[in-house]
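# An overview of the molecular structure
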There are 2 protein chains.
Amino acid sequence: MVKNIKEIEQQFLEYIKKMAGFEETISLMYWDLRTGAPKKGMEQRSEVIGMLSSDLFNMSVSAEMKSYIEDLSGASNLSAVTKKSLQECKENYERNTKIPPAEYKEYVILTAKAESVWEEAKEQSDFEMFRPYLEKLVSFNKRFITYWGYKGHKYNALLDMYEPGVTVEVIDRVFGQLRERIVPLVQAIANASDQPETSFLFAHFPKENQQAFSLEILKEMGYDFQAGRLDETVHPFATGLNPGDVRVTTKYDEKDFRTAVFGTIHEGGHALYEQNISNELIGTPLCDGTSMGIHESQSLFWENFVGRHLSFWKKNYSTLKKYSSGQFDQVSTEDFYRAINTAGPSLIRIEADELTYALHIMVRYEIEKALFNDEIEVKDLPKIWNEKMNEYLGVAPANDAEGVLQDVHWSGGSFGYFPSYALGYIYAAQLKHAMEKELSSFNELMEEGNLLPIKEWLTKNVHQYGKMKKPIEIMKDVTGESLNAHYLIDYLEKKYKDVYRLT
Amino acid sequence: MVKNIKEIEQQFLEYIKKMAGFEETISLMYWDLRTGAPKKGMEQRSEVIGMLSSDLFNMSVSAEMKSYIEDLSGASNLSAVTKKSLQECKENYERNTKIPPAEYKEYVILTAKAESVWEEAKEQSDFEMFRPYLEKLVSFNKRFITYWGYKGHKYNALLDMYEPGVTVEVIDRVFGQLRERIVPLVQAIANASDQPETSFLFAHFPKENQQAFSLEILKEMGYDFQAGRLDETVHPFATGLNPGDVRVTTKYDEKDFRTAVFGTIHEGGHALYEQNISNELIGTPLCDGTSMGIHESQSLFWENFVGRHLSFWKKNYSTLKKYSSGQFDQVSTEDFYRAINTAGPSLIRIEADELTYALHIMVRYEIEKALFNDEIEVKDLPKIWNEKMNEYLGVAPANDAEGVLQDVHWSGGSFGYFPSYALGYIYAAQLKHAMEKELSSFNELMEEGNLLPIKEWLTKNVHQYGKMKKPIEIMKDVTGESLNAHYLIDYLEKKYKDVYRLT
């Protein structure tokens, strides 16, 4: 039978457009649930989300999808967008069909149960309660790895879901470099005699004013309010429904304005990525960030390299003062800058600062890697966790709630996810280094409040491609090298020696 | 082949549950579009809505639906909910499949075009521009009527879409009774010597305070904020995603607080209906108001019989005063009551008061009825419109924009829709009469701010049934009679003679 490739390509594009429509629908439903959907409608809403998600999953593994993959793979004159979309669909198809359906169903039920057990176990600080579930989750994932196949280390199969192309070998190298220089730096600043004064940070800052300031900053960043909106939620997030509709949320703490300000800048960084993906990728699986880590590099770039930079506050401090109720009246720009850049060892990842954050990730990475390589067992995790925390950060959790049970990820079966957080910092620093070669006036631009060239550089080099390029491809094209932790190390050493006035 | 009816029933229920899920999804998307969705995402969003709507339409006319209808029609031991749902699906299936698909497609394209032409024609006040489109829309609908079939008058086929069971015969009777008594009453109040003072209505009333007052009133009405929320839009509306999620919107005009207050109460009335549909109807096509007219009866009941009642303001006037900036300081409750109940002839339907509103509807009804009975032609509509306006209301439009072109309905092909607005008033007055036999203390309840028994009576007699009962069935069960305009006439005569102090 002769098939017309152009026709099949067209049908395939229609098919993935429909899938993208379902994605947009589901994203809107989640956004709505988090921004004030009435409580009593939740149960019915969850059913509808479940229905749409299962429709979408079924489309990704359908006989129709299979025949598109078969018919179009190897076809020569497909558009670049079709080719990359097909590749995405194929990877997804294989990942989803290699697990026997009955086993996958059992796994989904397990994760739902495990999440609620984890919640209770954390509340009671009782790892033993969660242990049997975690053991099952790990062994399911070990089997999945054999179904999927892997190159080199088994854990690579998991990493590949979140950071395609980034392997244990790469991560071992960069995390090793980072740890070697950061651990002593953390110790040095803990012992520094000139600790920044921070008490003024915690005065009452009215919510409405925090909101007004957040809106001004988003605007300065080049966030397009014709293609987005800012709302309030318990946990801040950004969600891209399509490039013309990328929404940001933030949280206001009247006793600590930093929550909203840095939260907004962080989510704004994610949003700039999604607002500036090329329009030609709309309606395809490529219209998304290329990886967790690259996405995080964008939010961290804005939050830390811009939002916590002295030059940024030379421009914006007076505006912040205007909105505050006088808490900064006696505080110089430099003292303010030092206060918002304090760093030090802590127990909880999500409260960690930019200097110590990667060390929290390394604890998790080492544990996951060893687990999936059969070097350690689940039952020993609390002990290993505490030892690693002590080794990397010099602190020890008093109990499992502030130790091994603190994060939700494992209860949902998300193994291999954590490294992306730290990779985000490394990518970001590497991008910044490349950017500064072209925009030599990086600091001046911030002092002028002219952030547009920065945003445009990121769009040109990262945003526009969506998933057309893999993370490592982006890094190589932009920086001429693969992952390199030295840019982050140099940045952190210079910055924190300055903040803590270390000689 | 032996089929297991219970199994088929179960599959059918799953099928309609999925359809209800799509309906909820589409409703949420519209709500979102109207409450602040970013402009640049609209195009993509419209495509997604189109995709979901077309999926939903296809489910309603699918071979699968056909076989459910065939297999289950006549089955004896189905649940009452299944039976009624099947009936709904069958009516819908027949309506949608009797029109040849090619013709229907042509019609859909025509309506899209006609709406934009109407918009421009109205702007330029040029009926001739819109005439060819209106002619085509009418002739399409005339053909549809022959496809669908009808009993008695052809126009019944159109009425049946919005007010099932209510025929030309019924409407001629009730509209005739109404017109006979309302037309002279309108003239009498126009000539009344004691016209209410209204200038104080238009003072500046801050938006935030209007919002706070609106929230209080919704609460007093028994609107459940755990199952809903209030937002701001250009055109107020209520939308029921499911009974646990029924949202209301309102509009704030700082120069006329009535827009928000009566708009909120009106939409709140719609919302109470949908919040109180029985939970056992969730996930079926019965989980909705039974007709346009009954839905409108609920909103009008609350807006007029409660919200514009003297007793209601005896309770709530002091609260309104508290939120206002002093505009009512010199105004007695009675004078306030008179001011919010002024009535008189006007040209524009959507600005009309409760006394004259039905007359605006009658103009449209008479025209539609005659059009579909081939008694008049589209080209003569402007002339006929103006004559009817003069006959019923004693006013004549100066141009087509404020005459025959004022409403959007016809441009979308919605013929047979208008009567439901006036039927809503008639239903509402009839329900009120029945309610007062049981709740003899109607006025006292309002003076106490104890509106719960009123809401509960409406839930018991109307809300809970959703589409389990047809409109006329509800009226007969509750009031013991079919449609009767006298309750509305008595109410209006008594009220307006009082407001205008006619002897």
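Definitions and limits used
Residues numbered from 1 in each chain as written. Chains lettered and ligands numbered in written order. Predicted model: local features only at pLDDT ≥ 70, side-chain atom pairs only at ≥ 80, totals over all residues. Heavy atoms only, no water. UniProt positions renumbered as here; feature names shortened; annotations may be inferred. Helix = DSSP H or I, 4+ residues; strand = E, 2+ residues; numbered from the N terminus. Contact = heavy atoms within 4.5 Å. Domains from an automatic or database assignment. Buried area = accessible area lost by both parts, 1.4 Å probe. Salt bridge = Lys/Arg side-chain N within 4 Å of Asp/Glu carboxyl O. Polar contact = N/O pair within 3.5 Å; in protein donor to acceptor, adjacent residues only side chain to side chain. Least-squares fit on C-alpha atoms with pLDDT ≥ 70 in both. Nonpolar A, V, L, I, M, F, W, Y, C, P; charged D, E, K, R; others polar. Buried < 20%, exposed > 50% of the residue type's maximum accessible area, 1.4 Å probe, protein only. Pairing = 2+ DSSP bridges. Axes fitted to C-alpha atoms, helices over the stretch in contact; angles between N-to-C directions. Arc of directions from axis to C-beta. Parallel < 35°, antiparallel > 145°, perpendicular 65-115°, else oblique. Left-handed = near helix turned anticlockwise from the far one by under 90°. Phe/Tyr/Trp six-rings, centres within 6.5 Å; stacked < 30°, edge-to-face > 60°. Lys NZ or Arg CZ within 6 Å of the ring centre and 35° of its normal.

### Some remarks on the UniProt feature "binding site: Zn(2+)" (unreviewed entry) in chain A
Residues and elements named next belong to chain A. Mapped onto this numbering, the UniProt entry annotates "binding site: Zn(2+)" (unreviewed entry) at His266, His270 and Glu296. Across 31 residues in sequence, these annotated residues keep their C-alpha atoms within 8.8 Å of one another, forming a single compact spot. Looking at the secondary structure, you find His270 in helix H10 (residues 258-275). Once residues lying within four places of it in the same chain are set aside, the contact partners of His270 are Ala238, His295, Glu296 and Ser299. Residue placement: Glu296 occurs in helix H11 (residues 292-306).

### Brief notes about the domain arrangement of chain A
Many descriptions give the size of an interface as the accessible area lost when the pieces come together. Residues and elements named next belong to chain A. Domain boundaries assigned for chain A yield domain 1 (1-98) and domain 2 (199-346 + 444-466). Taking the mean C-alpha position of each, domain 1 and domain 2 sit 31 Å from one another. Contact with domain 1, which involves 14 residues of that partner, is made by 16 residues of domain 2. In this assembly, domain 1 packs against domain 2 so that about 1,300 Å² is buried in total across both faces, 71% of it on carbon and sulfur atoms. On inspection of domain 1 and its partner domain 2, the count reaches zero salt bridges. The tally of links from domain 1 across to domain 2 stands at two residue pairs in polar contact (both at pLDDT 80 or more).

### A closer look at the relation of the copies chain B and chain A
Overlaying chain B with chain A gives an RMSD of 0.0 Å, the required rotation being 180 degrees about an axis along which the chain moves by 0.0 Å. The two molecules are tied by a two-fold rotation axis, judged by turn and shift. The position closest to the rotation axis in chain B is occupied by the C-alpha of Thr25 of chain B, lying 3.7 Å away. Of the residues that chain B buries at the interface, 100% are likewise interface residues in chain A, meaning the two copies contact each other through the same surface.

### Notes on the interface of chain B and chain A
Listed by partner, the interface residues are 35 residues for chain B and 35 residues for chain A. Between chain B and chain A lies a buried interface of about 2,900 Å² when both sides are counted; carbon and sulfur atoms form 54% of it. Across the chain B-chain A interface, the total number found is twelve salt bridges. Salt-bridge contacts for Asp224 of chain A lead to Lys40 of chain B; the nearest nitrogen and oxygen are separated by 2.5 Å. Taken together, chain B and chain A are joined by 22 residue pairs in polar contact (both at pLDDT 80 or more). Elements supplying a minimum of two residues to the side of chain B that touches chain A: helix H1 (5-34), helix H2 (42-60), strand E2 (238-242) and strand E3 (245-250) of chain B. In terms of residue count, H1 of chain B provides more of the side of chain B that touches chain A than any other element does, ten residues in total. When its residues are assigned to classes, the side of chain B that touches chain A shows twelve nonpolar, ten polar and 13 charged.

### Description of the side chain of His409 of chain B
By the secondary structure assignment, His409 of chain B is in the loop between helix H15 (381-393) and helix H16 (419-438). The contact partners of His409 of chain B, leaving out residues within four places of it in the chain, are Arg349, Ser414, Tyr417, Phe418 and Tyr421 of chain B.

### Points about the UniProt feature "active site" (unreviewed entry) in chain A
Residue and element names in this part refer to chain A. In the numbering used here, UniProt assigns the feature "active site" (unreviewed entry) to Glu267. With respect to the helices and strands, the residue Glu267 is situated in helix H10. Under the relative-accessibility criterion, Glu267 is labelled buried at 10%. Excluding residues that lie within four positions of it along the chain, Glu267 makes contacts with Pro236, Phe237, Ala238, Val248 and Thr249.

### So, the pattern of salt bridges
Counted according to the given criterion, the structure contains 76 salt bridges over all chains. A salt bridge links Asp374 of chain A to Lys154 of chain A; the shortest N-O distance between them is 3.3 Å. A residue pair is termed long-range when its members are at least 10 positions apart, and Asp374 of chain A in the loop between helix H14 (357-372) and helix H15 (381-393) and Lys154 of chain A in the loop between helix H6 (127-148) and helix H7 (156-162) qualify at 220 residues. With its nearest N and O atoms 3.2 Å apart, the salt bridge here joins Asp194 of chain B to Arg501 of chain B. In this pair, Asp194 of chain B sits in the loop between helix H8 (168-190) and helix H9 (207-221) while Arg501 of chain B sits in the segment after helix H20 (486-499), placing the two residues 307 residues apart along the sequence. On the basis of relative accessible area, Asp194 of chain B is assigned to the partly exposed category, the value being 28%. The exposure class of Arg501 of chain B is partly exposed, given its relative accessible area of 48%. Salt bridges linked by common partners bring Glu24, Asp245 and Arg247 of chain A together with Asp32 and Arg45 of chain B together as one network.

### Concerning the sheet that holds strand E2 (residues 238-242) of chain A
Residue and element names in this part refer to chain A. Judged by pairing direction, the sheet is mixed, and its three strands sit side by side in the order E1-E3-E2 without closing on themselves. One side of each edge strand has no neighbouring strand; the edge strands of this open sheet are strand E1 (230-232) and E2. Adjacent strand axes in the sheet meet at a mean angle of 25 degrees when their direction is disregarded. Bridging between E1 and strand E3 (residues 245-250) involves three bridges; their strand directions are parallel. Its bridge partner being in E3, Leu230 is matched across the sheet by Val248. Of the strands in this sheet, E2 and E3 are in contact with H10, which crosses E3 at around 165 degrees.

### Observations regarding helix H19 (residues 471-479) of chain B
Along an α-helix, residues three or four apart share an orientation, since each turn contains 3.6 residues. Residues and elements named next belong to chain B. For H19, the complete set of buried residues consists of Pro471, Ile472, Ile474, Met475, Val478 and Thr479. The arc that holds the buried residues of H19, viewed along the axis, is 155 degrees, so those residues lie on one side. Where H19 is buried, its residues meet helix H11 (292-306), H16 and helix H18 (452-461). Gly480 occupies a position one or two residues after H19 and carries a positive phi of about 75 degrees.

### As for the packing of helix H9 (residues 207-221) of chain A against helix H12 (residues 310-323) of chain A
Residue and element names in this part refer to chain A. Contact geometry of H9 with H12 gives a least axis separation of 9 Å together with a crossing angle of 155 degrees. It follows that H9 is roughly antiparallel to H12 by the angle criterion. Seen along the crossing, H9 lies across H12 with a hand that is right-handed. Of the residues in H12, those touching H9 at Asn209, Ala212, Phe213, Glu216, Ile217 and Glu220 are Phe312, Trp313, Lys315, Asn316, Thr319, Leu320, Lys322 and Tyr323. Classifying every residue of the contact of H9 with H12 by side-chain character gives seven nonpolar, three polar and four charged.

### Some points on the packing of aromatic side chains
All names here are of chain B. Scanning the model with the defined rule gives 73 aromatic pairs over all chains in all. Ring geometry for Phe57 versus Tyr104: centroids 5.7 Å apart, planes at 5 degrees, classification stacked. With Phe57 in helix H2 and Tyr104 in helix H5 (residues 101-123), this residue pair connects regions lying 47 residues apart in the sequence. For Phe57, a relative accessible area of 29% translates into the label partly exposed. Tyr104 gets classed as partly exposed once you look at its relative accessible area, which sits at 30%. Between Tyr107 and Phe140, the aromatic rings sit 5.3 Å apart at their centres with planes inclined by 45 degrees, giving tilted as the arrangement. Here Phe140 lies in helix H6 (residues 127-148) and Tyr107 lies in helix H5, a separation of 33 residues in the sequence. Given a relative accessible area of 9%, Tyr107 falls into the buried group. For Phe140, a relative accessible area of 5% corresponds to the buried category. Across from the ring centre of Phe262, 4.0 Å away, lies the NZ or CZ of Arg308, which sits over that ring.

### Quick word on the side chain of Arg229 of chain B
Turning to its location among the elements, Arg229 of chain B is positioned in the loop between H9 and strand E1 (230-232). A distance of 2.9 Å separates a polar atom in the side chain of Arg229 of chain B from a polar atom in the side chain of Asp231 of chain B. Those residues in contact with Arg229 of chain B that sit more than four places away from it in its chain are Thr35, Gly36, Ala37 and Pro38 of chain A together with Trp31, Tyr223, Val246, Arg247 and Val248 of chain B.

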